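Per-entry structural report
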Protein chains: 2
Amino acid sequence: MKLQQLRYIVAMVRHDLNVSQTAEALFTSQPGVSKQIRALEDELGVELFNRRGKQIVSLTDAGERVVELASDVLQGVESIRTVGRELANPNVGELAIATTHTQARYVLPPVIAQFREAYPHVSLQLHQGTPSQIAEMLAGGDVDFAISTEGQAHFEDMALLPCYRWSRAVLVPDGHPLHRLHRLDGITVEALAQYPLVSYTFGVDAQSTLGKAFAERGLKPHIALSASDVEVIRTYVKLGLGVGVVARLAVDDSPRDGLVALDASAVFPPSTTHIVLPRGAALRGYSYDFIQTFAAHLDRDCVDAALSGGQPTIDVDALPLR
Amino acid sequence: MKLQQLRYIVAMVRHDLNVSQTAEALFTSQPGVSKQIRALEDELGVELFNRRGKQIVSLTDAGERVVELASDVLQGVESIRTVGRELANPNVGELAIATTHTQARYVLPPVIAQFREAYPHVSLQLHQGTPSQIAEMLAGGDVDFAISTEGQAHFEDMALLPCYRWSRAVLVPDGHPLHRLHRLDGITVEALAQYPLVSYTFGVDAQSTLGKAFAERGLKPHIALSASDVEVIRTYVKLGLGVGVVARLAVDDSPRDGLVALDASAVFPPSTTHIVLPRGAALRGYSYDFIQTFAAHLDRDCVDAALSGGQPTIDVDALPLR
DNA sequence: CCCCATTACGTAGCACGTAACAATG
DNA sequence: CATTGTTACGTGCTACGTAATGGGG
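Predicted, not measured: the structure shown is a model, and the values here were computed from it. Throughout, residues of each chain are indexed from 1 in the direction in which the sequence is written. Ligands are numbered from 1 and chains lettered from A, in the order in which they are written. A pLDDT threshold of at least 70 governs which residues receive local features in this predicted model, and a stricter bar of 80 or more applies before side-chain atom pairs are shown or counted, although totals over entire chains, interfaces and linings include all residues. The basis for the side-chain values is all heavy atoms of the structure; hydrogens and waters are excluded.

**Looking at the relation of the copies chain A and chain B**
- The operation relating chain A to chain B is a screw motion whose rotation component is 180°, with 0.0 Å of axial translation and a residual RMSD of 0.1 Å. Between the two chains, the operation in question is that of a two-fold axis. Judged by C-alpha distance, Val73(A) is the residue of chain A that lies nearest the rotation axis, at 2.5 Å. Here the copies are superposed with least squares, the fitted atoms being C-alpha atoms of residues at a pLDDT of at least 70 in both.

Quick look at the structure:
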């Protein structure tokens with residue numbers, strides 16, 4: 001059994017069980033992958049993949065279990081590499097983080113500035129994406145950890161560390177009916193439901209905080225447009241496509257470009273931003289530091305507890321609200 | 001990084017950091033081991049072993065952590081093999097158990113008879129040894145699990161599953177003063193302390209149940225001889241070397257060879273026999289069956305819970321007493 | 001002076017890539 | 001007919017074994 005063979009089968013499930021695609025992703029040849037998979041199956045004495053003719057269609061029971069174990073093994077190998085790098089050069093390395101536009105643009109800058117000062121020789125990589133893309137990156141080992149606001153459902157088998165809570169704001173043109181309502185009685189979900197909305201792509205499905213707030217009142221929001229970027233959302237609100245619903249921390253209180261941001265923290269319950277880590281992974285020392293800079297209550301012990309499987313006791317209601 | 005390299009460094013710590021000895025144990029050449037270790041150190045960029053001149057004297061901090069992770073990785077690889085074998089031939093394979101003489105001779109026979117009938121194509125291997133030897137076998141991956149009565153201290157980082165409790169008997173020549181005492185007031189620790197004892201090698205250290213029973217009363221037993229085998233102990237009691245203290249289940253109630261066994265369950269608190277498993281390992285289906293045949297309350301879920309780290313809730317006081 | 005780790009060097013095995021082939025939709 | 005997986009074959013890398021060298025106690 002070779003580590004390569006394990007890499008191949010794990011990569012296979014991440015590439016729709018397509019040998020050609022897998023080979024391309026791993027910068028090797030199709031026959032090589034095919035052959036190594038057969039070699040592993042021969043050695044284990046079990047078929048790992050169900051084949052229809054020459055097409056690989058699914059994992060066998062054995063395949064399911066073996067791929068799972070192989071992932072653990074490969075993560076262990078990665079951990080060994082990480083430990084090596086850490087003890088060779090504690091302050092030199094890379095840190096790859098997957099996150100959303102809002103985090104990258106409005107929350108992370110001061111954290112990263114402070115981090116850069118402490119670790120000038122660590123090369124930072126910020127990968128942006130939707131929660132499902134972020135989950136993909138994390139599962140594929142492309143990033144060290146993720147900072148995610150919604151879509152916890154995507155992060156099965158990962159350690160979720162609550163960082164802070166955040167509330168929403170409603171973006172409307174100056175003089176919009178909701179603007180006046182906001183000054184008088186305050187905005188309500190019912191009032192919002194009467195207008196087309198412009199919001200985050202990932203914030204509008206049924207499991208999201210936003211989606212649930214409407215569903216609870218038997219309302220179905222009309223989403224005119226969804227984007228992952230506040231600036232894009234602003235643009236379309238200005239164009240009159242609808243009312244923007246965004247993270248409050250992403251907008252100023254003062255009007256800009258004829259748009260005003262109305263505090264909607266009383267309308268929608270706050271969402272929680274999490275740091276997401278693959279269970280069992282090893283982290284660089286500076287990663288712990290980054291995490292604690294981002295969320296002061298997440299010290300090394302707390303993170304280690306989450307990594308080793310136990311859900312740490314964090315009082316979500318005591319988290320800072322932004 | 002190659003799996004071989006991980007095997008080499010893990011084997012190194014099991015062989016006193018001696019390259020020659022390690023190479024011999026792995027049926028390969030010293031230079032091969034030496035070179036692969038250097039290759040791994042080069043790849044990781046850290047020395048794993050502290051060398052004084054050309055002598056390897058200890059593990060570095062990095063080495064400590066890497067060896068630990070490497071063990072996990074290798075165990076994962078073993079698990080993959082196990083899963084393969086299981087799904088290829090559920091009823092064919094090997095089962096290696098490490099245990100003490102008493103278990104092998106007096107407790108296991110009916111279990112093994114039943115197991116053999118259910119799984120005639122499983123080759124059983126019974127490895128005997130002292131608790132520390134048993135722990136060594138388990139840590140080295142030489143056996144699938146252990147059945148141990150004492151010396152829990154040896155089994156750091158292992159999953160311990162209580163199976164049953166057992167009490168002791170005192171072996172004396174017919175007509176011995178303790179024989180009469182037993183019929184009148186009953187034996188006491190104090191009475192026993194007046195005679196030289198013959199008992200199990202591993203049962204006489206300070207942490208053992210036996211040792212503690214004496215220590216609690218401020219007594220120090222005089223151990224004339226210790227052996228791992230009841231038949232050996234009988235022999236020396238017959239020779240008049242001292243009074244035997246053995247597991248009750250290892251002796252008949254009726255006299256034999258001029259020796260009588262006196263129930264000492266009221267004198268010493270019962271000991272508990274455990275099945276010991278390496279955390280995180282994968283077991284063959286028939287192994288689960290063997291375990292449950294041995295201790296009916298240890299079903300598959302219970303064993304899996306212990307393997308995955310959680311200590312299962314087993315009421316020790318409710319276990320059968322033998 | 002013995003034991004042990006490392007260096008040097010030759011070989012055999014195997015993983016990988018190119019090319020050709022088979023099968024499925 | 002296009003896409004995908006497998007077989008065939010040649011090559012270059014490397015792990016491994018034998019032999020020789022260097023250091024410590």
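Having put the structure on the table, let's press on.
**Quick look at the interface of chain A and chain B**
- Two residues qualify as a contact provided that any one of their heavy atoms is within 4.5 Å of a heavy atom in the partner residue. Facing the 24 residues of chain A at the interface are 24 residues of chain B.
- When the two sides are added together, the surface that chain A and chain B hide from each other amounts to roughly 2100 Å², 81% of it contributed by carbon and sulfur.
- A carboxyl oxygen of Asp or Glu within 4 Å of a side-chain nitrogen of Lys or Arg is what we treat as a salt bridge. Remark: the boundary between chain A and chain B carries two salt bridges.
- Close ionic contact of Glu43(B) with Arg81(A) constitutes a salt bridge, the shortest N to O distance being 3.0 Å.
- As used in this structure description, the phrase polar contact means that two N or O atoms lie within 3.5 Å; if the pair is within protein, one of them must be able to donate a hydrogen and the other to accept it, and residues adjacent in sequence are counted only when both atoms belong to side chains. Across the contact surface, chain A and chain B share two residue pairs in polar contact (both at pLDDT 80 or more).
- A run of H or I in DSSP becomes a helix once it reaches four residues, and a run of E becomes a strand once it reaches two; helices and strands are each numbered from the N terminus. Elements with a minimum of two residues in the side of chain A that touches chain B: α1 (3-14), α3 (30-44) and α4 (61-88) of chain A.
- Ranked by residues supplied to the side of chain A that touches chain B, first place goes to α4(A) with 17 residues.
- Residues are sorted three ways: Asp, Glu, Lys and Arg are charged, Ala, Val, Leu, Ile, Met, Phe, Trp, Tyr, Cys and Pro are nonpolar, and all the rest, Gly among them, are polar. Residues that form the side of chain A that touches chain B fall into these classes: 15 nonpolar, four polar and five charged. As a working definition, buried area equals the accessible area (1.4 Å probe) given up by two parts on being put together, with both sides summed.

**Quick look at helix α6 (residues 131-139) of chain A**
Residue and element names in this part refer to chain A.
- Buried within α6 we find Pro131, Ile134, Ala135, Met137 and Leu138. End-on, the buried residues of α6 take up no more than an arc of 160°, which puts them together on one face.
- The inward-facing, buried residues of α6 contact β3 (93-99), β4 (122-128), β5 (145-148), β6 (158-166) and β12 (271-278). Three labels apply to residues, based on accessible area from a 1.4 Å probe with only protein chains included: buried if under 20% of the type maximum, exposed if over 50%, partly exposed otherwise in between. Starting at the helix axis, one direction is taken to each C-beta atom, and the arc is that of these directions.

**So, a negative patch on the surface**
Residue and element names in this part refer to chain A.
- Side chains of Asp61, Glu64, Glu68, Asp72, Glu156 and Asp157 sit close together on the surface and give a patch of like negative charge.
- Take Asp157: it is sitting in the loop between β5 and β6.
- Residue classification places Asp157 among the exposed residues on the basis of a relative accessible area of 63%. Like charges within 9 Å and nonpolar side chains (Val, Leu, Ile, Met, Phe, Trp, Tyr) within 5 Å are joined into patches, using only residues over 30% in relative accessible area that form no salt bridge. The protein chains shown are the only cover counted for residues, whose accessible areas, like all others here, come from Shrake-Rupley with a 1.4 Å probe. When charges are counted, Lys and Arg are positive and Asp and Glu negative, with His and the chain ends excluded. Here the site of a charge means NZ on Lys, CZ on Arg, CG on Asp, or CD on Glu.

**Topic: the environment of Gly244(A)**
Residues and elements named next belong to chain A.
- Position of Gly244 relative to the elements: it lies in strand β10 (residues 243-247).
- Among the residues examined, Gly244 registers a relative accessible area of 0% and is labelled buried.
- Once the C-alpha coordinates of Gly244 and Val77 are considered, the two residues, 167 residues apart in sequence, prove to be 46 Å apart.
- Once you skip the residues sitting within four places of it in the chain, Gly244 turns out to touch Ala169, Val170, Leu171, Val198, Ile233 and Val237.

**What about the packing of aromatic side chains?**
- For Phe, Tyr and Trp, rings pair up if their centres lie within 6.5 Å, where Trp contributes its six-membered ring, and each pair is then called stacked (planes under 30 degrees apart), edge-to-face (over 60) or tilted (otherwise). Taken as a whole, this structure holds 14 aromatic pairs over all chains when the rule is applied.
- Centroid distance Phe115(A) to Tyr119(A): 5.1 Å. Interplanar angle 35°. Geometry classified as tilted. Across this residue pair, the class does not change: Phe115(A) and Tyr119(A) are buried.
- Clustering of aromatic rings is evident, with ring pairs tying together Phe115(A), Tyr119(A), Phe145(A), Tyr286(A) and Phe290(A).
- Counting as a charge over the ring demands two things of the Lys NZ or Arg CZ atom: a distance within 6 Å of the ring centre and an angle within 35 degrees of the ring normal. Arg300(B) extends its terminal NZ or CZ atom over the ring of Tyr288(B), reaching a point 4.0 Å from the ring centre.

**So, the sheet that holds β10(A)**
Residues and elements named next belong to chain A.
- The pairing criterion is simple: DSSP has to find at least two bridges between the two strands. Ordered in space as β9-β8-β10-β7-β11, the five strands form an open sheet in which the pairing is mixed. Of all strands in the sheet, those bounded by a partner on one side alone are β9 (223-227) and β11 (259-263). Taken pair by pair, the neighbouring strands of this sheet meet at an average axis angle of 25°, ignoring direction.
- Two elements, strand β7 (residues 168-173) and β10, share four bridges in a ladder whose sense is antiparallel. Of the residues in β10, the one forming a bridge with Ala169 is Val246.
- Whenever a helix is involved, its axis is fitted only over the stretch in contact; in every case the axis is a line through C-alpha atoms, and angles between N-to-C directions fall within 0 to 180 degrees. Sheet contacts for helix α10 (residues 230-238): β7, β8 (197-200), β9, β10 and β11; angle to β8, the most-contacted strand, approximately 175°.

**A short note on the protein's contact with DNA strand C**
- Residue proximity to a molecule or strand is established when one non-hydrogen atom of the residue lies within 4 Å of it. Surrounding DNA strand C, one finds 22 residues, the nearest of these being Thr28(A), Ser34(B), Arg38(B), Arg51(B) and Lys54(B).
- Taken together, the sugar and phosphate atoms account for 77% of what DNA strand C places within 4 Å of the protein.
- In the model, a phosphate oxygen of DNA strand C is placed 3.5 Å from a nitrogen or oxygen of the Asn18(B) side chain.
- Within the contact set of DNA strand C, a phosphate oxygen lies 2.7 Å away from a side-chain nitrogen or oxygen of Arg51(B).
- Contributing elements (two or more residues each) for the surface near DNA strand C: α1 and α3 of chain A together with α2 (19-25) and α3 (30-44) of chain B.
- Per-element accounting of the surface near DNA strand C gives the leading share, four residues, to α3(B).
- The residue makeup of the surface near DNA strand C, split by class, is six nonpolar, eight polar and eight charged.

**Section: unusual backbone geometry**
All names here are of chain A.
- Located in the positive-phi region is Leu17, a residue other than glycine, with phi close to 60°.
- Secondary-structure assignment places Leu17 in the loop between α1 and α2 (19-25).
- Judged by its relative accessible area of 15%, Leu17 falls in the buried class.
- A positive phi angle, close to 65°, is found at Asp157, a residue other than glycine.

**As for the sheet that holds strand β9 (residues 223-227) of chain B**
Residue and element names in this part refer to chain B.
- Ordered in space as β9-β8-β10-β7-β11, the five strands form an open sheet in which the pairing is mixed. Among the strands making up the open sheet, the edge pair consists of β9 and β11 (259-263). Neighbouring strand axes in the sheet, compared pairwise and without regard to direction, differ in orientation by 25° on average.

**A look at a nonpolar patch on the surface**
- A cluster of nonpolar side chains, Val232(A), Tyr236(A), Leu239(A) and Leu241(A), forms an exposed patch at the surface whose accessible area comes to about 310 Å².
- Here Val232(A) is to be found in helix α10.

**Focus on the pattern of salt bridges**
- Enumeration according to the criterion identifies 27 salt bridges over all chains in this entry.
- Residues Glu47(B) and Arg51(B) are paired through a salt bridge, measuring 3.6 Å at the closest nitrogen-oxygen approach.
- Accessibility expressed as a relative area gives 41% for Glu47(B), which makes it partly exposed.
- One salt bridge connects Arg248(B) with Asp263(B), and the closest N-O pair in it is separated by 3.8 Å. Of this pair, Arg248(B) sits in the loop between β10 (243-247) and β11 while Asp263(B) sits in strand β11; the two residues are 15 residues apart in sequence, bridging distant segments of the chain.
- Overall, the relative accessible area of 30% leaves Arg248(B) in the partly exposed class.
- What you see here is one network of salt bridges that share partners, running through Arg38(A), Glu41(A), Glu47(A) and Arg51(A).

**With respect to the domain arrangement of chain A**
- Each domain's extent is set by a domain assignment, obtained either automatically or from a database. Annotation of chain A at the domain level lists domain 1 (3-85), domain 2 (93-165 + 271-318) and domain 3 (168-263).
- The C-alpha-based centres of domain 1 of chain A and domain 3 of chain A are spaced at 45 Å.

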